[in-house]
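Below, each chain spelled out in residue letters.
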Amino acid sequence: FYTFSDMYVTGVMLMPMLFSTVCGNMVRNDLSAPIRRTLFTLPFSRREYAGEKYLVSIVPACVLAVMLQMVSAVVHRQSITQSGMIAACAVLLTVLTVSVELPVTIIFRDRVQIARVCILAVVFALVAIAVSLDMGTDGLFAIITSAPAWALYGIGALLGAVALAVSVMVSLRALRTAQL
């Protein structure tokens, strides 16, 4: 069974990701047949459209992640190091969610639910593989916890930046080639 502490960590990690998924649904609504002809005749470029959707999906969700973790840190009397790591993980997971959600939504449009299920199956398989590698003292968790915090933050920031850059490029290409 879950304890309250498990639920708050899940909430801090999950709520911003869910918020960014809702913002991804805005894109799907924009790209639906009745409105897309009108929407893309307005005086803005597809690059500006994509940039706005990424900003709206990432910034408020990351602010929400940090605020939830600040409340959680006060309530549960967590150390600054632990709070910082949880907030950084929540921000990274949010950025990765948006990096997958927006291009998939742009490419698949109305069939995005099917694609999302397939993506979640792949993610679940990768998590299962990572957990299975966590055997013994040389496991994945032991390697991660033995790394210095600055290295973990740096790797997370690099991973988030690369995923976001690739996502933006894929989204822009998909918007350029889409029949809008």
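Details of the structure are given in the entry above.
The rules behind these values
Along each chain, numbering runs from 1 in the same order as the chain's sequence is written. Local features in this predicted model are restricted to residues whose pLDDT is 70 or higher, and side-chain atom pairs enter the listing and the counts only when it is 80 or higher, whereas totals over whole chains, interfaces and linings include all residues. Calculation of side-chain values draws on the structure's entire complement of heavy atoms; hydrogens and water are dropped beforehand. Every helix listed is a DSSP run of H or I at least four residues long, and every strand listed is a run of E at least two residues long, numbered separately from the N terminus. We call a residue buried when its accessible area falls under 20% of the maximum for its residue type, exposed when it is over 50%, and partly exposed in between, using a 1.4 Å probe and counting protein chains only. Whether two residues are in contact is decided by their heavy atoms, any of which lying within 4.5 Å being enough. Fitted lines through C-alpha atoms give the axes, limited to the stretch in contact for helices. The angle between two N-to-C directions lies from 0 to 180 degrees. Roughly parallel means an angle under 35 degrees; roughly antiparallel, over 145; roughly perpendicular, 65 to 115; everything else is oblique. By convention, the crossing between two helices is left-handed when the near helix turns anticlockwise from the far helix through less than a right angle, and right-handed when the turn is clockwise. Gly is put with the polar residues, along with every residue not named as nonpolar or charged; the nonpolar set is Ala, Val, Leu, Ile, Met, Phe, Trp, Tyr, Cys and Pro, and the charged set is Asp, Glu, Lys and Arg. As used here, the term nonpolar core means buried Ala, Val, Leu, Ile, Met, Phe, Trp, Tyr and Cys residues forming a set that is joined through side-chain atoms within 4.5 Å.

Draft legend 1. Region of the structure containing the overall build of the protein chain. Assigned secondary structure in the protein chain consists of seven helices and zero strands. The secondary structure elements of the protein chain, listed N-terminal to C-terminal, are α-α-α-α-α-α-α. Looking at the 180 residues of the protein chain, the share that counts as buried comes to 31%. Across the protein chain, contacts joining residues at least 24 apart in sequence account for 79% of those joining residues at least 6 apart.

Draft legend 2. Expanded view of the packing of helix H4 (residues 80–108) against helix H7 (residues 149–177). Between H4 and H7, whose axes approach to 9 Å, the crossing angle comes to 15 degrees. Considering the angle they form, H4 stands roughly parallel to H7. The handedness of the crossing between H4 and H7 is left-handed. In terms of residue class, the contact of H4 with H7 is made up of 18 nonpolar, seven polar and no charged.

Draft legend 3. Structural view of the nonpolar core. Residues Val 27, Ile 58, Ile 106 and Leu 175 are the most contacted members of the largest nonpolar core, which totals 14 residues. Considering each element in turn, this core owes the most residues, five residues, to helix H3 (residues 46–76). Within the second largest apolar cluster, five residues are counted, among which are Val 12, Met 13, Ala 65 and Ile 86.

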